[in-house]
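Spelled out, the chains give:
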Amino acid sequence: MTMTTIKVQAGVRDELARLAADDLGGVTLNAALEHLLTEHRKNQILAAYARLEADPKAWADYEDELTEWDAVAGDGRGGEA
């Protein structure tokens with residue numbers, strides 16, 4: 001994989017290093033950044049679902065669409081997980 005250099009303030013680097021060491025089991029700074037980016041993406045997705053669920057019409061439409069997809073999934077579950 002191609003590597004590059006980014007400029008960050010020393011305090012930011014140090015905080016990332018502490019997080020990598022203390023909270024993430026001593027992973028590399030690269031792995032810590034990947035973890036943080038993944039968590040950020042997950043939080044964005046969860047926030048989008050929360051906004052969708054906050055709109056009763058949009059949430060009902062979403063559930064209707066899920067039901068339609070369950071009907072054509074062909075997994076034999078009949079909508080049951």
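Higher on the page you've got the structure.
I will try to describe carefully the structure that is included in this document. Predicted model, so just to flag it, every value in this text is computed and none were measured.

Counting secondary structure elements, the protein contains three helices and zero strands. When the helices and strands of the protein are read in sequence order from the N terminus, they spell out α-α-α. If you line up the protein on its principal axes, its C-alpha atoms span 55 × 30 × 25 Å. Counting across all 81 residues of the protein, residues that qualify as buried make up 5%.

A few words now on the pattern of salt bridges. Counted according to the given criterion, the structure contains three salt bridges. A salt bridge links Arg-13 to Asp-14, with the nearest nitrogen and oxygen atoms 2.9 Å apart. A relative accessible area of 31% means that Asp-14 is categorised as partly exposed. Taking the shortest distance from any N to any O, the salt bridge between Lys-57 and Asp-61 comes out at 3.0 Å. Pair noted here: Lys-57 and Asp-61 are both in helix H3 (residues 56–72), with a separation of four residues, about one helical turn. A residue is classified by how much of its surface remains accessible, and Asp-61, at 38% relative accessible area, is partly exposed.

Attention now moves to the packing of helix H1 (residues 10–23) against helix H2 (residues 29–54). Relative orientation of the contacting elements H1 and H2 amounts to 85 degrees, with a least axis distance of 9 Å. As judged from the angle between their axes, H1 and H2 are roughly perpendicular. Facing H1, whose interface residues are Arg-13, Leu-16, Ala-17, Leu-19 and Ala-20, H2 presents Leu-29, Ala-32, Leu-33 and Leu-36. Class assignment of the residues belonging to the contact of H1 with H2 gives a composition of eight nonpolar, no polar and one charged.

Now for H3. Here H3 is 17 residues long and its end C-alpha atoms lie 25 Å apart, about the 24 Å a rise of 1.5 Å per residue gives. The backbone nitrogen of Lys-57 has a side-chain oxygen 3.2 Å away, supplied by the residue at the start of H3, namely Asp-55. Positive backbone phi, at 70 degrees, marks Gly-74, one or two positions downstream of H3.

Scoring rules and cut-offs
Residues numbered from 1 in each chain as written. Predicted model: local features only at pLDDT ≥ 70, side-chain atom pairs only at ≥ 80, totals over all residues. Heavy atoms only, no water. Helix = DSSP H or I, 4+ residues; strand = E, 2+ residues; numbered from the N terminus. Buried < 20%, exposed > 50% of the residue type's maximum accessible area, 1.4 Å probe, protein only. Salt bridge = Lys/Arg side-chain N within 4 Å of Asp/Glu carboxyl O. Axes fitted to C-alpha atoms, helices over the stretch in contact; angles between N-to-C directions. Parallel < 35°, antiparallel > 145°, perpendicular 65-115°, else oblique. Contact = heavy atoms within 4.5 Å. Nonpolar A, V, L, I, M, F, W, Y, C, P; charged D, E, K, R; others polar. Expected span 1.5 Å × (residues − 1). Polar contact = N/O pair within 3.5 Å; in protein donor to acceptor, adjacent residues only side chain to side chain.

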